[in-house]
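Structural characterization, general
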Amino acid sequence: MNCREVNSKLAELLLDTRETPVEARRHLEGCAACRGELSELRATMNLMDDWAAPEVNPYFDAKLLARLRAEQQARPAGFWERCKARFLYGSSLRMQPLMAGALAVMFMVGGGTYFDLEVYNQRPQESATVRDLQSLDGDSQVFQQLDSVDQTADQQQPLSGEGPGSPSSD
Ligand SMILES: [Zn+2]
């Protein structure tokens, strides 16, 4: 058995040594790398056994509902104003312990991969998207204004006399 085959059997080795093939155990005796791998896995499992999920604040649901209700009853400002306010001042201060807990859980569950991929990459993308949409929104407002300016200009401009059907021919 080579290291790769033994590595695929590490979980079995860890949980039930009777089930694992003799070759794997023999390889482990001679291979320090695989032994190290197995002991790391064992240490991780022990850590997971010791780890207790943090208690959730018993008032969490009530607080969340109250905040949701307040948010729903608040006068709906423009969508972008609300987004901007959230980004700039945000609820980050009050959400920080919760976010930290969530990040810790993600980090432990994902071994850091989820943390790297989702959290670090998502925030800049999100704000970039919001910025793009914001600028698009601004553009469309500008275009609307330009349109209305055009229309009023057309209405105010006297006919130049060169349009079709104009009675200016001699
Ligand atoms: Zn090996």
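Refer to the preceding data block for the structure.
This section reports on the structure supplied with the text. (Residues numbered from 1 in each chain as written. Predicted model: local features only at pLDDT ≥ 70, side-chain atom pairs only at ≥ 80, totals over all residues. Heavy atoms only, no water.)

Before going further, it helps to examine the overall build of the protein chain. When helices and strands are counted, the protein chain shows 8 helices and 0 strands. Listed by position from the N terminus, the elements making up the protein chain come as α-α-α-α-α-α-α-α. By residue count, 11% of the 170 residues in the protein chain fall in the buried class. As displayed, the protein chain offers around 14,500 Å² of accessible surface, 56% of which is attributable to carbon and sulfur atoms. (Helix = DSSP H or I, 4+ residues; strand = E, 2+ residues; numbered from the N terminus. Buried < 20%, exposed > 50% of the residue type's maximum accessible area, 1.4 Å probe, protein only. Areas by Shrake-Rupley, 256 points an atom, 1.4 Å probe, with all protein chains shown as cover.)

Within the element layout of this structure, Arg131 appears in helix α8 (residues 113-156). Given the relative accessible area of 52%, Arg131 is considered exposed. When the C-alpha atoms of Arg131 and Trp80 are compared, they prove to be 9.7 Å apart, with 51 residues separating the residues in sequence.

Ligation of the zinc ion by protein atoms is provided by Cys3 (SG), His27 (NE2), Cys31 (SG) and Cys34 (SG), these donors lying 2.0 to 2.3 Å from the ion. Taken together, the 4 donor atoms coordinating the zinc ion span angles of 104 to 113° at the metal, a pattern that classifies the geometry as tetrahedral. When the donor residues of the zinc ion are listed from N- to C-terminus, their spacing reads C-x23-H-x3-C-x2-C. Owing to a relative accessible area of 16%, His27 belongs among the buried residues under this scheme. Residue class for Cys34 comes out buried when judged on its relative accessible area of 1%. (Donors = N, O, S within 2.8 Å, 3.2 Å for Na, K, Ca; no water. Tetrahedral: all angles 85-135°; square planar, octahedral: opposite > 155°, others 65-115°.)

A turn of α-helix holds 3.6 residues, and therefore any two residues three or four places apart point the same way. Considered for burial, the residues of helix α3 (residues 22-30) that qualify are Ala24, His27 and Leu28. End-on, the buried residues of α3 take up no more than an arc of 100°, which puts them together on one face. Along α3, the residues that are exposed and aim more than 90 degrees away from the buried face are Arg26, Glu29 and Gly30. (Arc of directions from axis to C-beta.)

What follows is about the packing of α3 against helix α4 (residues 32-50). Relative to each other, α3 and α4 sit at 105°, their axes nearing to 6 Å. By the angle between their axes, α3 is roughly perpendicular relative to α4. Here α3 contributes His27, Leu28, Glu29 and Gly30 to the contact with α4, which in turn contributes Ala32, Cys34, Arg35 and Leu38. Each residue belonging to the contact of α3 with α4 can be placed in one class, and the counts come to 4 nonpolar, 2 polar and 2 charged. (Axes fitted to C-alpha atoms, helices over the stretch in contact; angles between N-to-C directions. Parallel < 35°, antiparallel > 145°, perpendicular 65-115°, else oblique. Contact = heavy atoms within 4.5 Å. Nonpolar A, V, L, I, M, F, W, Y, C, P; charged D, E, K, R; others polar.)

Right, let's get into the environment of His27. Between the C-alpha atom of His27 and that of Cys3, which follows or precedes it by 24 residues, the distance is 7.9 Å. In contact with His27, not counting residues within four places along its chain, are Met1, Asn2, Cys3, Val6 and Cys34.

Before going further, it helps to examine a nonpolar patch on the surface. A contiguous nonpolar patch, built from Leu64, Leu65 and Leu68 and spanning about 270 Å² of accessible area, is present on the exposed surface. Exposure remark for Leu65: the relative accessible area of 48% places this residue in the partly exposed category. (Patch = residues over 30% accessible without salt bridge, like charges linked within 9 Å, V, L, I, M, F, W, Y side chains within 5 Å. Salt bridge = Lys/Arg side-chain N within 4 Å of Asp/Glu carboxyl O.)

So, about the nonpolar core. With 8 residues, the main nonpolar core is built from Val6, Leu10, Leu13, Leu14, Leu28, Cys31, Cys34 and Leu38. Looking at this core, the elements that each hand over two or more residues are α2 (10-15) and α4. Every residue in contact with Leu38, bar those within four places of it in the chain, is listed here: Leu10, Leu13, Leu14 and Leu28. (Core = buried A, V, L, I, M, F, W, Y, C linked by side-chain atoms within 4.5 Å.)

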